[in-house]
Each structure stands twice: as structure tokens, then as C-alpha cells.
Amino acid sequence: MPQALSHLRICDFTGQLAGAGATRFLAAFGAQVIRIEDPVNQGRWDILRGMPPYVDERRGVEFGGPFNNHNVEKLGVTLNLRTERGKELLRELVKVSDVVAENFSAGVMERWGVGYEELQALREDIIYVSNCGFGHRGPYRSFKTWGPIVQAVSGLTFSSGLPDQPPAGGGYSYMDHTGAYYMAIAILMALRHRNRTGEGQWVDLGCTEAGASLTGPAILDYTVNGRPLRRDGSPNSNRSQHPAMAPHGIYPSQEEDTWVAISCRDERDWEAFGEVTGEEWTEEGRFSDLRGRLVAEDALDELVAGWTRTRGNFEAAALLQGAGVPATAVQRPQERIDQDPNTAAWGLWPTVKHRDMGDVRVDGLPVHFSETDWRMERGGPCLGEHNEEVFGGLLGLGADEIASLTEEGVL
């Protein structure tokens, strides 16, 4: 069955996750994504090539678990752009591609002689999508970033934490993932525009600006109400202020480092919580309405934690769910991946076949299409794995020439 994007070809210079995650999404829906790497500095373009986790004791640029995960269903070629022949082959590849995607620092592609103007001269309707920390305009354009830096500069890190504690941030490279989603959406919008008008264009994405756009409620609160984000008692990332709920948080359970999340949205939830727990303190007057529970929220959280500590997190969650109270165990990765029946039913962790690693499970996508669903069967490419397929089958080079260019260090 044809896939939704099987008519597209993407010349892909992306790396890590902020870029590679975007083209990964499109490859899963059928786009032919040709991942270009350097045959000389093997693995240097993308440090994830040799990074853990590994499937076994083998190490090296072909065994990095993150690289495989972020590059499933892509073709991989090597091309030395320090050579004139390498540049010529890149030009030929651009001519038969719909999109050129990259997430280098600003100016890298221009220094290689393949900035937007040069690409447009090769194919007038080419879509060029760049994704870097601060975009290609403004005084910060030359700065380099990683996901955690983007989160800090954009204000997201400042917004997450507990009272009287330093900002905690949003966990591991949140904006790498989110930046990839923005980039995939941008590519699709540019393609939509080209389908209507025939025009290609340069899509300049600043990942820090994407992060800043997610801080809107905090900015509005300060602009309209003059209320700063970090003030006495705030932020408390375990509590809900909009709308206000209590109890609302992550509470410890019986075993060490196990937790349960509980949210009482309204009085019905609170009454059900009291019936399930059977605790006398739930009937105290200070907790009889939301306003009182919010005033005494610190004491309330201590009492709720006293009840949750007497039970396993899955047990506590099941008891509350049975009464209609929103609650769930805070699942560890292995619990969610290997033991959750809904995950298995969804097919969220497909197995792909990697040339050297063999069968490996990877991240699926959180969406299904009834007619043109995504597919992940092929693992991330090894260095130059598809040189013959791309340079021979697509660009028409003969086997002898490919062998010669490989010997010369062009491929």
C-alpha cells in the first residue's frame, strides 16, 4: 500500500535528534530520506553514532543505540564535500530531491557552498529547512546550542521546579524532541505551499524561539497581572493552579523510589478519595471545600503521602481509578514498554532489522492512520550502507566508478 509521503525525497544533513527526529517522522510515512555523512570523520557529524545504550558488548560507530533509533527507515550515504567531485554529486542529488534538511549551526551550509541561493539555482522549487538554536538572524545567530541550553534560554527551565529550589527543567533534552516536531510540521507546510503555488522556499527555524513560544501562559500572567512566575510557593510543578485542584501531585508509595500520581478535580473526586482511603482526616472541616484544601495544601499533601506509602503504586492507582478518581502509577520505562498491555496493543515499540546489530526495538510514533499508516522495519543506516543504491541506482554511476570514488575518499 502506498504511504502518505512516498512521493517525496529528502536530502538529509540532520543529526542528533532536533533534526534527525523530524526526518525520522517523515521517513516512517514513506518519504525517501537520504542521510548524508562524512566518510573521513566517521561518526563526527552525529555523536550519537557511537553512544550508548548498546545491544551487547560491541562498540563503535555502527552500534550506537540512539543513532539507530533516530534514523530508522532512512538510506545512508557518505559524501566528502571537501572534494570537488563530492560537491558535484551533492548537486546532482539536490536536483532530484524535494527537500534539503539540516540542523547545523548557522552558516555551515553557506561555507560549504550549498546555502539556499546555491540550492535554489540547482532546483528552483527546492525547499530548504534549517533548524538551529537561534535561527539565521539576530545577534545570537552564531551561538551553538543543545536541547538543555535551548530550554534554559527560552525560559522553559525556569518554569519547572519546586518552591525554594533551583529550576529543575523539563528532563532530558525536551526541546530536541519538540524542535524535531516543529521542523517536521514546517517541512509539511512548505510542501503544502509548493503544491499550491509551485514555489520552494527557505524555512528558517530557531529552536530557542520554538521553546519561547511554549511559555505563553507565564508571559501572559506577568503581562496582564504583573505576577512573576517564581514567587513564594511557586512554581510547584506537582500542583495544578489553572484550574486549581487539591490534592494534585506525585506521591511516594510503598517501595523505594516508586510513586503514584493523583488528581482530585472537584468535590466528587474528593468525596470518592475519602471513601476509598477511609481516612478520618478526609472529613476534617479544613478540607471540606477546595478553598480550604488549597490553604492547607502542604498539610494535605503530607497526609495523602501517609496513605500512599502504605501501598504499592499500582495498587493505590487501581483503588482510586475504581472510584473514578484520576490516578496512575508513575511507570518506569521497563514497566511502560514491556508490561503495559496498552503499549503492546498500540505497537509503540516496533522491531527493526539493523545490518550489524540485528533485530532492535525502537520508538514508534504516537499516531495511526487508517489508510496510510507509518511503518518501521529497517534500522538506521550504517556508514555508506546505501552508496550503491543511491549513487548507482538513483544517480546512475557505474559500479567501477563507485569503487574508484570510494578508494579516493570521495564516498
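Computed from a prediction, not measured in an experiment: that's the story for all the values here.

## Re the overall build of the chain
Then, number 1: Along its length, the chain carries 17 helices and 11 strands.
Then, number 2: Taking the principal axes of the C-alpha coordinates as reference, the chain spans close to 85 × 50 × 40 Å.
Then, number 3: Among the 411 residues that make up the chain, the fraction classed as buried is 47%.
Then, number 4: Considering only residue pairs separated by 6 or more positions, the chain has 68% of its internal contacts joining residues 24 or more positions apart.
Then, number 5: Of the roughly 20,500 Å² of accessible surface on the chain, 52% is carried by carbon and sulfur atoms.
Then, number 6: Positive and negative charge centroids in the chain, built from 39 and 59 side chains respectively, lie 4 Å apart.

## As for the domain arrangement of the chain
Then, number 1: When the domains of the chain are assigned, the result is domain 1 (9-212 + 345-407) and domain 2 (248-252 + 259-329).
Then, number 2: Here domain 1 and domain 2 have C-alpha centroids that lie 45 Å from each other.

## What to know about the sheet that holds strand 9 (residues 327-329)
For sheets, the rule is that strands pair by backbone hydrogen bonds, running either parallel or antiparallel.
Then, number 1: With antiparallel pairing, 3 strands are arranged side by side in an open sheet as 7-8-9. The outermost strands of the open sheet, each flanked by one partner alone, are strand 7 (248-252) and strand 9. Sheet twist, expressed as the average angle between the axes of neighbouring strands with direction ignored, equals 20 degrees.
Then, number 2: Two strands pair when backbone bridges link them, and strand 8 (residues 259-263) and strand 9 are joined in this way by 3 bridges, in the antiparallel orientation. By the bridge assignment for strand 9, Val260 is matched with Ala329.

## Quick notes on the sheet that holds strand 1 (residues 9-12)
Then, number 1: Pairing is parallel across the open sheet formed by 6 strands, whose spatial order is 3-2-1-4-5-6. Lying at the two open borders of the sheet, with one neighbouring strand each, are strand 3 (75-78) and strand 6 (201-206). Adjacent strand axes in the sheet meet at a mean angle of 20 degrees when their direction is disregarded.
Then, number 2: In this sheet, strand 3 lies alongside strand 2 (residues 32-37) in parallel orientation, the contact comprising 4 bridges. Within the sheet, the bridge partner assigned to Ile36 lies in strand 3 and is Val77.

## Quick word on the pattern of salt bridges
Then, number 1: As enumerated under the stated definition, the model contains 30 salt bridges in all.
Then, number 2: In this structure, Glu297 engages Arg239 in a salt bridge whose closest nitrogen and oxygen atoms are separated by 3.6 Å. Residue Glu297 is located in helix 12 (residues 297-308), and its partner Arg239 is located in the loop between helix 9 (216-225) and strand 7; the two are separated by 58 residues in the primary sequence.
Then, number 3: Taking the shortest distance from any N to any O, the salt bridge between Asp269 and Arg268 comes out at 2.8 Å.
Then, number 4: Here Asp269 falls in the buried class, since its relative accessible area comes to 0%.
Then, number 5: Each of Asp98, Arg123, Asp125 and Arg194 takes part in a single network of salt bridges with overlapping partners.

## Remarks on the side chain of Asp38
Then, number 1: Inspection of the secondary structure puts Asp38 in the loop between strand 2 and helix 2 (65-70).
Then, number 2: Among the polar contacts made by the side chain of Asp38, one reaches the side chain of Arg82 at a distance of 3.0 Å.
Then, number 3: Other than its neighbours up to four places away in sequence, Asp38 contacts Trp45, Thr78, Leu79, Arg82 and Leu383.

About the criteria used
- The residue numbering used here restarts from 1 in each chain and proceeds along that chain's sequence as written.
- For a predicted model such as this one, the threshold for reporting local features is a pLDDT of at least 70, and the threshold for listing and counting side-chain atom pairs is 80 or more; totals across whole chains, interfaces and linings nevertheless cover every residue.
- Based on all heavy atoms of the structure, the side-chain values leave hydrogens and waters out of the count.
- Each helix is a run of H or I in the DSSP string that is no shorter than four residues. Each strand is a run of E no shorter than two, and both are numbered from the N terminus.
- Only protein chains enter the calculation, and the probe is 1.4 Å; a residue is then buried if its accessible area is under 20% of its type maximum, exposed if over 50%, and partly exposed in between.
- Here, two residues are considered to be in contact whenever any of their heavy atoms come within 4.5 Å of each other.
- All accessible-area figures derive from a Shrake-Rupley calculation using a 1.4 Å probe, and residue coverage is judged against the displayed protein chains alone.
- Residues scored as positive are Lys and Arg, those scored as negative are Asp and Glu, and His as well as the terminal groups of each chain are ignored.
- Throughout, a charge is located at the NZ atom of Lys, the CZ atom of Arg, the CG atom of Asp or the CD atom of Glu.
- Where each domain begins and ends is defined by an automated method or by a domain database.
- Only strands joined by at least two bridges in the DSSP assignment are considered to pair.
- Helix axes are fitted to C-alpha atoms over the stretch in contact, other axes to C-alpha atoms as well, and angles between N-to-C directions run from 0 to 180 degrees.
- Basic side-chain nitrogens of Lys or Arg form a salt bridge, by our definition, when they fall within 4 Å of a carboxyl oxygen of Asp or Glu.
- As used in this structure description, the phrase polar contact means that two N or O atoms lie within 3.5 Å; if the pair is within protein, one of them must be able to donate a hydrogen and the other to accept it, and residues adjacent in sequence are counted only when both atoms belong to side chains.

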